[in-house]
Amino acid sequence: MAKQPLKKKEIGSTDKFAALRAFKEKNNLSASVEKEPKWLILPESLQKACRIPGVPLGYCSRVRGKSNVGKSTLKLEVIKAAQNQGILPVVFELENNFGWKHAQTIGVEVSEYVDEETGEITYGPGDNMLYYDTAKLYELYGKFDHEHGKWLSKPNRETYVIEDVALCIKDLIRKQREGELPFDMIFVIDSIGVGDCYRAAVNNSSNMWYAGAVSVAFNTIVNDLIPSSRNINSEYLNTLFFVQKIWTKTTATGLPSSVSKGGESLDWSVRISFYMGGIESSGVKKLTATSGGRDYKYGTKTKIQVEKNHISDITYEGEICSTSHGFWDPDKLDEYKKIYGKEIKEKLAETFGISSEEVGEITYDESQDENVSD
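Residues numbered from 1 in each chain as written. Predicted model: local features only at pLDDT ≥ 70, side-chain atom pairs only at ≥ 80, totals over all residues. Heavy atoms only, no water.

### A short note on the packing of aromatic side chains
Aromatic rings in a pair are described by how distant their centres are and how their planes are angled relative to each other. In this structure the tally under the stated criterion is 11 aromatic pairs. Seen in terms of ring centroids, Trp-100 and Tyr-131 are 4.9 Å apart; in terms of plane orientation they differ by 65°. Their pairing is edge-to-face. Of this pair, Trp-100 sits in helix α4 (residues 100–106) while Tyr-131 sits in strand β7 (residues 130–133); the two residues are 31 residues apart in sequence, bridging distant segments of the chain. Summarising the aromatic geometry, the rings of Tyr-298 and Tyr-336 are spaced 5.9 Å apart at their centres and angled 15° between planes, so their arrangement reads as stacked. Residue Tyr-298 is located in strand β15 (residues 294–309), and its partner Tyr-336 is located in helix α9 (residues 333–352); the two are separated by 38 residues in the primary sequence. Residue class for Tyr-298 comes out buried when judged on its relative accessible area of 5%. Each residue in the set Tyr-298, Trp-328, Tyr-336, Tyr-340 and Tyr-364 is aromatic and connected to the rest through ring pairs, giving one cluster. (Phe/Tyr/Trp six-rings, centres within 6.5 Å; stacked < 30°, edge-to-face > 60°. Helix = DSSP H or I, 4+ residues; strand = E, 2+ residues; numbered from the N terminus. Buried < 20%, exposed > 50% of the residue type's maximum accessible area, 1.4 Å probe, protein only.)

### Looking at helix α5 (residues 134–141)
Because an α-helix completes one turn every 3.6 residues, residues spaced three or four positions apart along the sequence face the same direction. Three or more residues of α5 are buried, namely Thr-134, Leu-137 and Tyr-141. Buried positions in α5, seen along its axis, are confined to an arc of 60° and lie on one side of it. Opposite the buried face of α5, at more than 90 degrees from it, the exposed residues are Ala-135 and Glu-139. Here the buried face of α5 lies against β4 (88–93), β7, β8 (144–145), β9 (150–151) and α6 (162–177). (Arc of directions from axis to C-beta. Contact = heavy atoms within 4.5 Å.)

### With respect to the pattern of salt bridges
As a working rule, side chains carrying opposite charge can pair if their charged atoms are close by. Per the counting criterion, the structure on display carries 17 salt bridges. Lys-75 is paired through a salt bridge with Asp-190; the nearest N and O atoms lie 2.9 Å apart. In this pair, Lys-75 is assigned in helix α3 (residues 71–84) and Asp-190 in strand β10 (residues 185–192), connecting sequence segments 115 residues apart. Residue Asp-190 is classed as buried on the basis of its relative accessible area, which comes to 6%. With a closest N to O distance of 3.2 Å, Lys-136 and Glu-139 form a salt bridge. One end of the pair, Lys-136, and the other, Glu-139, are both in helix α5, 3 residues apart, so they sit about a helical turn from each other. The exposure class of Lys-136 is partly exposed, given its relative accessible area of 31%. On the basis of relative accessible area, Glu-139 is assigned to the exposed category, the value being 58%. In the salt-bridge network here, residues are joined through shared partners; they are Arg-62, Arg-64, Asp-267 and Glu-307. (Salt bridge = Lys/Arg side-chain N within 4 Å of Asp/Glu carboxyl O.)

### Quick notes on a nonpolar patch on the surface
There is a patch of nonpolar side chains on the surface, built from Phe-17, Leu-20, Phe-23 and Leu-29 and spanning about 380 Å² of accessible area. Here Phe-23 is to be found in helix α1 (residues 14–26). (Patch = residues over 30% accessible without salt bridge, like charges linked within 9 Å, V, L, I, M, F, W, Y side chains within 5 Å. Areas by Shrake-Rupley, 256 points an atom, 1.4 Å probe, with all protein chains shown as cover.)

### Let's talk about the pairing of strand β13 (residues 270–276)
Within β13, 6 of the 7 residues are buried, which leaves it mostly tucked inside the rest of the structure. Looking at chain direction, strand β3 (residues 60–65) and β13 are connected through 6 bridges and run parallel. Bridge assignment links Arg-62 to a residue of β13, and that residue is Ser-273. Pairing geometry for β13 and β15, over 5 bridges, is antiparallel. By the bridge assignment for β15, Ser-273 is matched with Lys-308. (Pairing = 2+ DSSP bridges.)

Without other data, these values stay purely geometric and don't point to any function.
Right, dumping it as structure tokens:
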């Protein structure tokens, strides 16, 4: 008996799709899975150098490079942009080196505190910022046992650990969902790769477990809590941005390669990665103002590259200047000198120990920084 031809099974009938649409509606499974893409808009100088608007919201991004290449300036520009766009920056300062006055000069909103006796002014977090240094993290989580997931009656370590940062982020997102923190948030960490992990701190031993601890502690954050906030059903949008230093190793072919301090466990979760400076050396040029044989460094010029872009696929390298007033376009330095010339003159006078009226003619130059390696 001859075989009968196979009959195509009808799986796309109108009735079945209607049932599927009803199922989606009943279970709140929207057809538009993600919200409209949004960016944290950074200065035009960075947009020109990198060919992207800034930092994508709802994703994990980072900047890495050697010391003194402008990473902290980018961090402050991110915080300023978040405040300007009504997003709550949550700053984790793990190097205890946040320059509040510098941040204010760049445009970050900070709070001023005046000593009534001395008149001295100090600075701290503005009303539209959450700020955690290592002391605050230890105060909040020093009694938490990250190995067994429980609270202790007293601390079993002497310092904060990187797992405290992850736990704090999870706590804040939970409070956001409960309505206690009704804001979109961007978590800014400076930096991954400093300090101890829990196992090293408790055992007072080598920090060889740091990279693995970061992977475990941040797994839920980078795979769920951050990306799921892009879902159209999520009330808020959350973003992670972190700073990471690098060290240089020589490959088997004899070429230099940059390695992220603290391990590379978060590399795969990053959607935008900025790289500032060089690999073997910092690659920084000093911008100097000179008068009477004495110099004042008013900024630096360095390469900035989008080394990874899984948002728009644009990977571009340009140059950017870091100044006390934030990022600046290298092609517009004459404009910068005109705007801030008086301030530069005052800084030179301060260097000389004379009045600004006594400062002579000022010349400007750029030269390779002495910080040639890390």
